[in-house]
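Secondary and tertiary structure notes
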Amino acid sequence: MNDKDISDWGREIGRRVDQFVNSKEIKDLQENIRGTVEHTVSEVQRSVQEAVDHTEIYRKERKRQLPVVRKPKGRVSGTLMEIFGICGAAAGWTSAVTGWLLALIGIDFFSVGAGVLSSGMAAVFAGICTGVAVTGGIWRRRAGRFRKYVRTMGERDFYSIEGLAQTVRKKEKFVIRDLGKMIKLGWFQEGHLDEQQTCFMLTNESYRMYLDAQEQLRQRKEEEQRLAEEQELEEQDPVRKQLRMTVEEGNECIRRIREINEVIEGQEISGKLFRLEKVCAQIFGHIEEKPEKLPDIRKFMSYYLPITLKLVERYHEFSSQPVQGENIVTAKREIEDMLDDINGAFEKMFDKLFEEDALDISTDISVLSTMLAQEGLLEDEWKK
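In this report, we go over the structure that sits alongside the text. All chains use their own residue numbering, which begins from 1 and follows the written sequence. pLDDT decides what is reported in this predicted model: residues at 70 or higher carry local features, side-chain atom pairs at 80 or more are listed and counted, and totals for whole chains, interfaces and linings draw on all residues regardless. Side-chain descriptors were evaluated using all non-hydrogen atoms of the structure, hydrogens and water having been removed beforehand.

**Quick look at the overall build of the protein**
The line we're drawing: Each helix is a run of H or I in the DSSP string that is no shorter than four residues. Each strand is a run of E no shorter than two, and both are numbered from the N terminus. The buried label applies to any residue whose accessible area, calculated with a 1.4 Å probe on protein chains only, is under 20% of its type's maximum; exposed applies above 50%, and partly exposed to all values in between. It only takes one pair of heavy atoms within 4.5 Å for two residues to be counted as in contact. Per-residue and other accessible areas follow the Shrake-Rupley method at a 1.4 Å probe size, with only the shown protein chains counted as cover for residues.
From N to C terminus, the protein includes 13 helices and three strands. Counting the 384 residues in the protein, one finds 31% classified as buried. Here the contacts in the protein between residues at least 6 apart in sequence split such that 66% fall between residues at least 24 apart. Total accessible area computed for the protein in this model is approximately 25,300 Å², and 56% of it derives from carbon and sulfur atoms.

**Digging into the sheet that holds strand 1 (residues 158-160)**
The test is simple: Note: two strands are recorded as paired if DSSP finds a minimum of 2 bridges between them. Comment: axis = line fitted to C-alpha atoms, over the contacting stretch for helices; angle = value between 0 and 180 degrees taken between N-to-C directions.
If you trace the three strands from one edge of the open sheet to the other, you get 1-3-2, paired in antiparallel fashion. The strands lining the two open edges of the sheet, one partner per strand, are strand 1 and strand 2 (192-193). Alignment of strand 1 against strand 3 (residues 199-201), held across three bridges, turns out to be antiparallel. Across the sheet, the residue bridging to Phe158 is Met201, located in strand 3. Most of the contacts of helix 5 (residues 161-168) go to strand 1, to which it runs at about 75 degrees, and overall it touches strand 1, strand 2 and strand 3.

**Some thoughts on a negative patch on the surface**
Let me state the cut-off plainly: By definition, no residue in a patch forms a salt bridge, and every one has over 30% relative accessible area; like charges are joined within 9 Å, nonpolar side chains (Val, Leu, Ile, Met, Phe, Trp, Tyr) within 5 Å. Note on definitions: salt bridges are taken to be side-chain nitrogens of Lys or Arg within 4 Å of carboxyl oxygens of Asp or Glu. Just so you know, the count uses Lys and Arg for positive and Asp and Glu for negative, and it drops His and the chain ends. Charged groups are reduced to one reference atom each: NZ for lysine, CZ for arginine, CG for aspartic acid, CD for glutamic acid.
A contiguous patch of negative charge on the surface is contributed by Glu292, Asp296, Asp351, Glu355, Glu356, Asp360 and Asp364. Positionally, Glu292 belongs in the loop between helix 9 (267-289) and helix 10 (298-319).

**Some words on the pattern of salt bridges**
In this structure the tally under the stated criterion is 14 salt bridges. Note that Arg244 is salt-bridged to Glu248, the shortest N-O span being 3.1 Å. Of the two residues, Arg244 and Glu248 are both situated in helix 8 (residues 238-263); the distance of four residues between them amounts to about one turn of the helix. Residue class for Arg244 comes out partly exposed when judged on its relative accessible area of 29%. For the salt bridge of Glu277 with Arg258, the shortest nitrogen-to-oxygen distance reads 2.8 Å. Taken together, the positions of Glu277 in helix 9 and Arg258 in helix 8 put the pair 19 residues apart, joining distant regions of the chain. By relative accessible area, Glu277 is classed as buried at 12%. Taken together, the salt bridges that share partners define one network made up of Glu252, Arg255, Arg256, Glu259 and Glu313.

**Here we look at helix 10**
The following threshold applies: To estimate how far a helix should reach, multiply one less than its number of residues by 1.5 Å. Take the seven residues that end at a residue and the seven that start at it, fit an axis to each, and the angle between those axes is the bend at that residue.
When the terminal C-alpha atoms of helix 10 are compared, their 31 Å separation across 22 residues agrees well with the 32 Å that a helix rising 1.5 Å per residue should span. The sharpest bend along helix 10 measures roughly 35 degrees and falls at Tyr304, with the proline Pro306 sitting one to four residues further on. Among all positions in helix 10, only Phe300, Met301, Leu305, Thr308, Leu309, Val312, Tyr315 and Phe318 are buried. Of the surrounding elements, those touching the buried residues of helix 10 are helix 8, helix 9 and helix 11 (326-352).

**Regarding the nonpolar core**
Where we set the bar: Residues belong to a common nonpolar core when they are buried Ala, Val, Leu, Ile, Met, Phe, Trp, Tyr or Cys residues joined through side-chain atoms within 4.5 Å.
In terms of nonpolar packing, the biggest core is built from 33 residues, with Leu276, Cys280, Ile297, Phe300, Leu339 and Phe346 touching the most fellow members. Contributions of two or more residues to this core are made by helix 8, helix 9, helix 10 and helix 11. Excluding residues within four positions of it along the chain, Leu276 makes contact with Ile257, Thr308, Val312, Leu339, Ile342, Asn343 and Phe346. Formed by 21 residues, the second largest nonpolar core is a distinct cluster that contains Val68, Met153, Leu164 and Ile176.

**Here we look at the environment of Glu313**
To keep it simple, the criterion reads: Within 3.5 Å is the distance limit for a polar contact, defined as a pair of N or O atoms, with the added protein rule that one can donate a hydrogen and the other accept it, and that residues adjacent in sequence qualify only through two side-chain atoms.
One can find Glu313 in helix 10. Linking Glu313 and Ile260, residues 53 residues apart in sequence, is a C-alpha distance of 7.5 Å. A distance of 3.3 Å separates the side chain of Glu313 from the side chain of Arg256, its partner in a polar contact.

**Comments concerning the side chain of Arg142**
Within the secondary structure, Arg142 sits in helix 4 (residues 109-153). For the buried Arg142, no salt bridge exists, and the shortest N-O distance to an oppositely charged side chain is 4.5 Å, to Asp178. Beyond its immediate stretch of four places on either side in the chain, Arg142 contacts Asp178, Lys181, Met182, Leu185 and Trp187.

**Some points on the packing of helix 9 against helix 11**
Heads up, the condition is: Every angle not falling under 35 degrees, over 145, or within 65 to 115 is termed oblique; those three ranges are roughly parallel, roughly antiparallel and roughly perpendicular. Left-handed describes a crossing in which the near helix is turned anticlockwise from the far one by less than a right angle; the clockwise case is right-handed. For this scheme, ten residues count as nonpolar: Ala, Val, Leu, Ile, Met, Phe, Trp, Tyr, Cys and Pro. Four count as charged, namely Asp, Glu, Lys and Arg, and the remainder, Gly too, count as polar.
It is the contact of helix 9 with helix 11, at a shortest axis distance of 10 Å, that shows an interaxial angle of 25 degrees. Considering their axes alone, helix 9 and helix 11 lie roughly parallel with respect to each other. Every pair of crossing elements has a handedness; the one defined by helix 9 and helix 11 is left-handed. Taken together, the residues of helix 11 that come into contact with helix 9 (itself represented by Ile269, Lys272, Leu273, Arg275, Leu276, Val279, Cys280, Gln282, Ile283 and His286) are Glu336, Asp337, Leu339, Asp340, Ile342, Asn343, Gly344, Phe346, Glu347 and Phe350. Grouping the constituent residues of the contact of helix 9 with helix 11 by class yields 10 nonpolar, four polar and six charged.

**Some details on the packing of aromatic side chains**
Applicable threshold: Stacked, tilted and edge-to-face are the three classes assigned to paired rings of Phe, Tyr and Trp, where Trp is represented by its six-membered ring and a pair needs centres within 6.5 Å; plane angles under 30 degrees give stacked, over 60 edge-to-face, the rest tilted. Whether a charge lies above a ring is judged from NZ of Lys or CZ of Arg, which has to be within 6 Å of the ring centre and within 35 degrees of the ring normal.
If you walk through the whole model with that rule in mind, you get eight aromatic pairs. Just above the ring of Phe174 sits the side chain of Lys170; from NZ or CZ to the centre is 5.1 Å. In this arrangement the basic side chain of Lys293 is found over the ring face of Phe354, its NZ or CZ atom lying 5.5 Å from the centre.

**Observations concerning helix 12 (residues 355-374)**
For helix 12, which comprises 20 residues, the first-to-last C-alpha distance of 29 Å matches the rise-based estimate of 28 Å (1.5 Å per residue) to within 8%. Gly376 occupies a position one or two residues after helix 12 and carries a positive phi of about 70 degrees.

**Observations regarding the side chain of Thr203**
Relative to the helices and strands, Thr203 is located in the loop between strand 3 and helix 7 (204-236). The contacts of Thr203, once residues within four sequence positions are left out, are Pro67, Asp157, Glu190 and His192.

Shown next, in the form of structure tokens:
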């Protein structure tokens with residue numbers, strides 16, 4: 001190849017490189033790089049200002065001691081990674097494209113190989129820088145959203161996911177994943193999402209309040225379900241309904257006797273009322289276990305207990321009088337004496353509720369004794 005050919009090749013290479021450098025693609029790439037750098041620099045300035053504002057917010061809220069990190073990872077490092085990554089990626093891709101073009105118009109095999117090798121290395125470097133820039137952008141934007149979350153919540157310990165989503169202009173599903181990631185990173189040191197993922201709680205205290213409310217709601221639902229089931233059973237079984245009404249009425253009488261006993265003066269009368277309360281509670285407790293015995297206390301419920309409660313209330317009324325005249329003292333003494341008879345009668349009534357049970361046991365014992373005697377297994381039979 002003569003000097004003229006080499007000179008022509010040189011001019012051709014120069015022309016193509018100049019054409020590539022001045023091409024629309026390169027100009028667009030340069031414009032994008034310049035715009036990205038300017039945008040990133042403005043983001044850095046804005047981040048610095050937000051950091052100052054955020055520091056001021058933390059200073060004002062020092063008394064409250066928000067359970068959040070003061071310097072989330074990515075606020076500064078992410079920005080620097082994005083800047084240097086973008087610059088490195090731009091340089092790397094430019095070098096790779098230039099190398100490939102030079103390789104295409106290379107004058108010998110060695111030049112082509114060297115151009116391809118250098119372009120490949122530049123592309124690898126550009127790819128790494130691109131990854132760094134993308135990662136830095138993710139970190140920077142996440143730190144920015146974190147600051148927005150904290151500012152939006154302000155003095156509130158809990159906030160709706162919908163409201164936070166509107167703040168960062170993202171979908172609610174994105175915000176749920178975003179908050180979950182920040183909780184794992186430890187940025188929200190006491191952060192919690194509710195079970196339905198509709199609310200974010202900033203502190204453990206607010207989360208405990210939420211759990212207590214959920215537990216109360218669960219208990220209320222269980223109670224409502226139990227009452228509904230009982231009502232359904234009562235509609236199918238009138239005896240069950242009658243039993244419930246009887247027990248409720250009896251418990252109300254017991255409650256009233258206990259209430260009077262707590263305010264009335266006198267150890268002797270208090271002991272009698274406590275005895276009355278105890279035997280009544282035993283009667284109703286046994287009826288709850290054996291509903292078939294409900295007819296056995298019909299007269300007790302319709303007459304004995306209401307009259308007894310009336311006597312106790314009159315005694316309380318007499319005791320509250322400022323002047324204890326002869327009639328009041330006599331009436332109180334008569335009621336006290338009557339309470340002894342009432343307690344004895346109610347205790348006998350309670351014992352009578354076991355009459356059939358005792359008879360059944362006696363019958364079983366008699367039958368068993370007869371069978372053992374017939375088999376010669378009783379001690380008296382061995383002696384004979």
